[in-house]
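Structure assessment
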Amino acid sequence: MRKRDQMNNDMLKGTLDMMVLRTLILGDAHGHTIAKVIERGSEDLLEVEEGSLYPALHRLEERGWVSSYWGVSDANRKARFYRLTPAGKKQLRSAVGRWQQMAKAIGLVMGDVLKEGEV
């Protein structure tokens, strides 16, 4: 796989990680809350499933971008809460920069198609 192809593939895989980090910039949260914030923030266009969210949270924790602790949820249940670390804030800034570049590149390509009425 070429370097550019690998970078694009990694970008797609990293989108959930970036959204989780972005959500945690607002404050500590447990998984259910993180999923709901992402869903509401996307006007319910995105659905975050447990099968994707929890592996992402564990991956982010392994990388040192989030930390976790046990607490009590609003529903008075024991829950694992996640907190953004300083390394996670740095990673978020980097990920957002890469995402903006990718969005710009896609917009440039797609903008020409839409302007010319080819669709």
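Each value, and the rule that gives it
- Residues numbered from 1 in each chain as written.
- Predicted model: local features only at pLDDT ≥ 70, side-chain atom pairs only at ≥ 80, totals over all residues.
- Heavy atoms only, no water.
- Helix = DSSP H or I, 4+ residues; strand = E, 2+ residues; numbered from the N terminus.
- Buried < 20%, exposed > 50% of the residue type's maximum accessible area, 1.4 Å probe, protein only.
- Pairing = 2+ DSSP bridges.

A few points about unusual backbone geometry
With a phi close to 65°, D44 is a non-glycine residue in the positive phi region. By the secondary structure assignment, D44 is in the loop between α2 (31-41) and α3 (50-62). Look at D44 and you get exposed, because its relative accessible area is 58%. The backbone of N76 sits at a positive phi, close to 65°, despite the residue not being glycine. Within the element layout of this structure, N76 appears in the loop between β2 (66-72) and β3 (78-84). Taking relative accessible area as the criterion, N76 reaches 65% and is therefore assigned exposed.

Remarks on the sheet that holds β2
The strands making up a sheet are joined through hydrogen bonds of the backbone, oriented either antiparallel or parallel. Strand order in this open sheet of three strands is β1-β3-β2, and the pairing throughout is antiparallel. What marks the edges here is a single partner per strand, and that holds for β1 (29-30) and β2. Bridge analysis of β2 against β3 gives seven bridges, and the strand direction is antiparallel. From the neighbouring strand, S67 faces β3, where its bridge partner is R83.

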